[in-house]
Each structure stands twice: as structure tokens, then as C-alpha cells.
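A structural walkthrough
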Amino acid sequence: MNYRTILVTLDIDRPVKPITNAAVNLASQVGARLIGLCAAQPLVSPLAMQAASYAATSAIQRIYKDLEDRIEQVHQEFRAAAAGRVELEWRAEMSAPTEAIVEAARAADLIFMTAVEGAHSGDSYRNADPADVTLRAGRPVLVAGRAAEPIASGKIVVCWKDTREARRAVADAIPLLSLAQDVIVVSVSSDPDASLRKSNADVVSYLARHNVRARSHISKSADETIGLLQFVDQSGADLIVSGAYGHSRLREWVFGGITRFLLDESGRNRFMSS
């Protein structure tokens, strides 16, 4: 696949220029157009506004107006940072950011976002939840590290386990893997066997047929998650590619070990598919 459209989400309370520059840089490399999206929701519901007194209604209207003004400011900063560099589209939503992203994902091949506070970003009125987005959007999600610098394409580590999610992630990440100088497909097992080696070899071969030069690495560890995290720490990878393993339990997402780590590790660039 190719990325023809990238959806970049702009947090209303964070600097616009770093994430915009990183998104434009990526869009330029892969030949994609860029959709900028800023969404936030007032803390006051429409029903509360209808029931409020005149004085309270005036205050509530000011809350809405301030939010609209801030979203427009984000729009102008986005346009200024990206002007003339790639094809642009702008979307603004007065709604919960996670819901807005999930809805807009249908128009894009890739979602590009930041998540400074990890898997659950706290204020759902102003911040998107990367965990929810990853598991609901039906699109791969690239979560930038806290600095939101341009995504380097030197070394990419593919966290491989033969699951549907990991297979999806490898296929979805091909446009990024094609840019890398070094791609490592890593598996961890307490007892590596011929089947595991064949699995890794198949992935390396699959990537080669998509013009991605990759190499296999198999680590032995009693704990697969700990072993994988140790390899990632030592690798100096610019980007980590992984399947996102999770399911809903009474409206709460429950994640596997590596997925939880990647969602919470805000210092790294992470690419996840579910």
C-alpha cells in the first residue's frame, strides 16, 4: 500500500508547529496529502446551556466562542507552518477529539498524532486517547514522541509475533519501512525453535518482495515482553512497529504487555495497527 492521505491531529493545548512540520516532512517523503484536524469539546453540554439563566448562558456562550477562536488559531498556525509544501485540507470539530479522529479516519491511510501522557491522555474533552484511536479507527496510527520531531528513517524495529495484529502492522508500515536504512524484525521466545525462525524468515522475505531490506533477530528470554523491551532499548531505533493487542472490558481497554508499554512510552515514535 501507499499513503495517499495522512490525517494529522493537532491538540488544542499544544504547540502546532512541531507536529505540523513532522507531518509535512512525512507527507513529502511518501507523496501524500495532509488533512489537519483540531477537535475539542466544551465542558458544558447543550442541555445545560438551554437550562441556564441569562447570565449563565452568556458565560457559556463565551466558553464556546473562546474554544472556536482557539481552534481557528490552530488552523492559522497549521496553514502557516505547512503552506506551499504539500496539499492540505483542514477540519475543525466541536466534539470530543477521540471521536472526531475515529470518524475522520475513513478519509485517510494513516493517522499521525502525539500523546504526551501515554495511553490514556486524561481530559477527553481536549485530548485524544491514542489507545482508543488505535483500536477503533481501522487505520494504522503513528504516535510521535513527545518532541514531535520529523520521523527519522534510519533504524526501524518490527516487533514480530505471528498474530493478526502484527501481520497487519507489517503490511501497513511498508511505506515507512521502505524509507529505512536498517529494518530489524525481532522475535522473543523462552525457547526459540525452527518454527519461530521460519516465521521471522517469512516476514523478511515478504518485506524483500516489497523492496524493503530487513534482517531477522531472535532473542531468548524467559519473559517475552521484558526481552522485547530490552532489545528495543538497546537498539536505538528511530521507530518501533508493532501490532496493537487489546480488547474492551466494560468500556475499558485491556492491553497486552508490549502494547501497553508502547502506548505509555511517550519518548518514542511508535507505529501500531490493530
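Residues numbered from 1 in each chain as written. Predicted model: local features only at pLDDT ≥ 70, side-chain atom pairs only at ≥ 80, totals over all residues. Heavy atoms only, no water.

**Quick look at the overall build of the protein chain**
Cut-off, in case you're wondering: The secondary structure listing takes helices from DSSP runs of H or I that are at least 4 residues long and strands from runs of E that are at least 2 residues long, numbered from the N terminus. When accessible area is computed with a 1.4 Å probe and restricted to protein chains, residues below 20% of their type maximum are described as buried, those above 50% as exposed, and intermediate ones as partly exposed. Whether two residues are in contact is decided by their heavy atoms, any of which lying within 4.5 Å being enough. With residues, only the protein chains shown are counted as cover, and all accessible areas are computed by Shrake-Rupley using a 1.4 Å probe.
The number of helices and strands found in the protein chain is 10 helices and 12 strands. Among the 274 residues that make up the protein chain, the fraction classed as buried is 52%. If you take every contact in the protein chain between residues at least 6 apart in sequence, the share linking residues at least 24 apart comes to 78%. Carbon together with sulfur atoms contributes 47% to the accessible area of the protein chain, which is approximately 12,900 Å² in total.

**Structural notes on the environment of A144**
By the secondary structure assignment, A144 is in strand β5 (residues 141-144). Along the sequence, A144 and M113 sit 31 residues apart, while their C-alpha atoms lie 6.1 Å from each other. When neighbours within four sequence positions are excluded, A144 is seen to be in contact with I19, F112, M113, T114, A115, S266, R268, N269 and R270.

**A few points about unusual backbone geometry**
One non-glycine residue, N211, lies in positive phi territory at about 60°. You can see N211 is positioned in the loop between α8 (194-208) and β8 (214-220). For N211, a relative accessible area of 69% puts it in the exposed group.

**Let's talk about the nonpolar core**
Rule in force here: We call a set of buried Ala, Val, Leu, Ile, Met, Phe, Trp, Tyr and Cys residues a nonpolar core when their side-chain atoms join them within 4.5 Å.
I6, L34, F112 and L207 are the most contacted members of the largest nonpolar core, which has 89 residues in total. Broken down by element, this core gets its largest block of residues, seven residues, from helix α1 (residues 17-30). Sequence-distant contacts of L207, that is, excluding residues within four places in its chain, are made with V170, I174, L177, V183, V185, V212 and A214.

**Some thoughts on the environment of S235**
Structurally, the position occupied by S235 is in helix α9 (residues 224-235). As for S235 and V157, which are separated by 78 residues in sequence, their C-alpha atoms are 7.9 Å apart.

**Quick notes on helix α4 (residues 97-104)**
Taking burial as the measure, the eight residues of α4 include six buried ones, the bulk of the element. Among all positions in α4, only P97, T98, A100, I101, V102 and A104 are buried. Looking at the packing, one finds that the buried side of α4 touches β1 (5-9), β2 (33-39), β3 (88-93), β4 (110-114) and α5 (130-136).

**A few points about the packing of aromatic side chains**
The description of an aromatic ring pair uses the distance of the two centres, along with the angle that the planes make with each other. Quick reminder of the rule: Only Phe, Tyr and Trp rings take part, Trp by its six-membered ring, and two of them pair if their centres are within 6.5 Å. Stacked means planes under 30 degrees apart, edge-to-face means over 60, and tilted covers everything else.
A complete count under the given rule lists one aromatic pair for this structure. With centroids separated by 5.6 Å and ring planes inclined at 35°, the aromatic side chains of F78 and W90 adopt a geometry described as tilted. Here F78, found in helix α3 (residues 54-82), pairs with W90, found in strand β3; they are 12 residues apart in sequence, far enough to count as distant. Given a relative accessible area of 0%, F78 falls into the buried group.

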